[in-house]
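Report on the structure
For reference, the chains in residue letters:
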Amino acid sequence: MSPERVTIVEKIMDANDQIAALNRARFDRAGVFAVNLMASPGAGKTTLILETIHRLAPRLRIGVIEGDTAPVTIDADKVTAAGMPAVQINTGGDCHLDGMMMSRGMDQLPLESLDLVIVENVGNLICPAAFNLGTHANVLIASIPEGDDKPYKYPNIYRGLQALIVSKTDLLPYIQFNMDYFLKGVEALNPGLVHFPVAALRGDGMDAWIQWLQEQVAAKKKA
Amino acid sequence: MHELSVTENILAIAEKHARKAGATRVTDIHIVIGQLSSIVDDSVQFYWDMISEGTLCTGAKLHFSRKPAQMHCRACQHTFTLIRGELIPCPECSSMDLRIVSGEEFFLDSIEIERDQPDQEP
């Protein structure tokens, strides 16, 4: 017996990253643009999805993958009621979706006949950041009531984003939220990140977000 | 909260490389974690003892090497360390014009193994 050191240097999330890459390739083949929507619980993920569907529905076919920690179909039911195919993934208490769950969710969507897939990740600012799903864009919704210090306290989730939605801006008059301080933190973590201030229920700012999303979908179709 | 899946990954990677090296046992596992990776060592250790049972890695010791989160200030060129993994302004000039230099590492660096070497044994 001789103890011996074996050098490995392998990323611990590598297995998930590989599955995510396969998911990405499937989306690409189908010409579908996929968005991973992350946020804390109550930031307005479902509302934003429903308002987004409402605005894009006549032009685009949208599929939704709903990640929930328990078999609660409230969110998926709302999407189905809006006339779009929705898949519910119960993570069995897990705090995030991962590449494998994502792949199973994709199996249940008619990818070939869709233009856009929106994934509603589990409400959590820590865990979803660590697991690539294979979507083309990670988008975070940060709501005004959560406070302006969230980039400082949860730096990880801001790192891998392609877009940021600052939601519930209609509450700004009632809440201490220093937008400048908030955006400075975001800029340090993710330089040049595009952000969309919205009040989804009132419709404020939704046009810019919808415009961005449509551009991404169109670019994917052409590719 | 996602330490269970992370720990399963560590076990899978360690087992794969141990088998490739013809190991009979893994004694030590060296993991590098950047301060900005939200992984709790204690939780990984807790799951490790449960899931490594009955594998080549049973009883292997986990070693965590914490890498500090280094920030570079673009205003005054000062480089500093984030103590608690929370973003703070530059301690020299209070600027928030910062860039992350390091602290996001999360990889399995190496394993220590034992293997039978029948040729050299009496």
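Residues numbered from 1 in each chain as written. Chains lettered and ligands numbered in written order. Predicted model: local features only at pLDDT ≥ 70, side-chain atom pairs only at ≥ 80, totals over all residues. Heavy atoms only, no water.

**A short note on the packing of aromatic side chains**
Residue and element names in this part refer to chain A. Per the counting criterion, the structure on display carries seven aromatic pairs over all chains. Residues Tyr158 and Phe182 carry aromatic rings whose centres are separated by 6.4 Å and whose planes lie at 75 degrees to one another, so their mutual orientation is edge-to-face. Taken together, the residues span a long stretch of sequence, with Tyr158 in helix α6 (residues 155-159) and Phe182 in helix α7 (residues 179-189) at a distance of 24 residues. Across the pair, Phe182 and Tyr158 agree in class, each one buried. On the numbers, 5.2 Å between centres and 45 degrees between planes, the contact of Phe177 with Phe182 is tilted. (Phe/Tyr/Trp six-rings, centres within 6.5 Å; stacked < 30°, edge-to-face > 60°. Helix = DSSP H or I, 4+ residues; strand = E, 2+ residues; numbered from the N terminus. Buried < 20%, exposed > 50% of the residue type's maximum accessible area, 1.4 Å probe, protein only.)

**Observations concerning helix α1 (residues 3-20) of chain B**
Between its terminal C-alpha atoms α1(B) stretches 26 Å, which fits the 26 Å expected from 18 residues at 1.5 Å a residue. Residues B:Glu3, B:Ser5, B:Val6, B:Thr7, B:Asn9, B:Ile10, B:Leu11, B:Ile13, B:Ala14, B:Glu15, B:His17 and B:Ala18 constitute the buried set of α1(B). On its buried face, α1(B) sits against β1 (4-11) of chain A together with β1 (25-34), α2 (41-51) and β6 (106-114) of chain B. (Expected span 1.5 Å × (residues − 1). Contact = heavy atoms within 4.5 Å.)

**Description of the UniProt feature "binding site: Ni(2+)" (unreviewed entry) in chain B**
The feature "binding site: Ni(2+)" (unreviewed entry), as annotated in UniProt, sits at B:His2 in this numbering. Apart from the residues lying within four places of it in its own chain, the contact partners of B:His2 are A:Cys95, A:His96, A:Ile126, A:Cys127, A:Ala130, A:Phe131, B:Ser38 and B:Ile39. (UniProt positions renumbered as here; feature names shortened; annotations may be inferred.)

**A word on helix α3 (residues 74-81) of chain A**
All names here are of chain A. Turning to α3, its buried residues are Asp75, Ala76 and Val79. The arc enclosing the buried residues of α3, seen along the axis, measures out at 95 degrees, which places them on a common side. Away from its buried face, by an angle of more than 90 degrees, α3 presents the exposed residues Ile74 and Ala81. Looking at the buried side of α3, the elements it contacts are α2 (45-56), β3 (62-68), β4 (86-90) and β5 (116-120). One or two steps after α3, the chain reaches Gly83, where phi turns positive at roughly 90 degrees. (Arc of directions from axis to C-beta.)

**Regarding the environment of A:Ile157**
Secondary-structure assignment places A:Ile157 in helix α6. Leaving out residues up to four positions away in the same chain, A:Ile157 has contacts with A:Met38, A:Asn124, A:Leu125, A:Ala129 and A:Leu140.

**Details of unusual backbone geometry**
All names here are of chain A. One non-glycine residue, Val9, adopts positive backbone phi at about 50 degrees. The topology assignment puts Val9 in strand β1. Positive phi outside glycine occurs at Lys168, with the angle close to 60 degrees. Tracing the backbone through its elements, the reader meets Lys168 in the loop between β7 (163-167) and α7.

**Regarding the layout of surface pockets**
All names here are of chain A. Roughly 700 Å³ of internal volume is contained in the largest pocket. Here the lining of the largest pocket takes four residues from helix α1 (residues 14-30), the largest share from any one element. A per-class count over the lining of the largest pocket returns 18 nonpolar, 12 polar and six charged. (1 Å grid on protein atoms, 1.4 Å probe; cavity = no way out; pocket = protein on both sides within 12 Å on 5 of 7 lines; lining within 4 Å. Points joined across faces, edges and corners; volume = space filled by probe spheres on them. Nonpolar A, V, L, I, M, F, W, Y, C, P; charged D, E, K, R; others polar.)

**Some words on the interface of chain B and chain A**
Taken together, the 37 residues of chain B in the interface contact 31 residues of chain A. Summed over both sides, the interface between chain B and chain A buries roughly 3,200 Å², with carbon and sulfur atoms accounting for 57% of that surface. Scanning the region where chain B abuts chain A turns up six salt bridges. Residue A:Glu10 is joined to B:Lys16 by a salt bridge in which the shortest nitrogen-to-oxygen separation is 2.9 Å. Our count for the contact surface shared by chain B and chain A stands at 16 residue pairs in polar contact (both at pLDDT 80 or more). For the side of chain B that touches chain A, the secondary-structure elements that each account for two or more residues are α1, β1, β5 (98-102) and β6 of chain B. In terms of residues, the side of chain B that touches chain A owes the most to one element, β6(B), which gives nine residues. Taken together, the residues of the side of chain B that touches chain A break down into 16 nonpolar, 11 polar and 10 charged. (Buried area = accessible area lost by both parts, 1.4 Å probe. Salt bridge = Lys/Arg side-chain N within 4 Å of Asp/Glu carboxyl O. Polar contact = N/O pair within 3.5 Å; in protein donor to acceptor, adjacent residues only side chain to side chain.)

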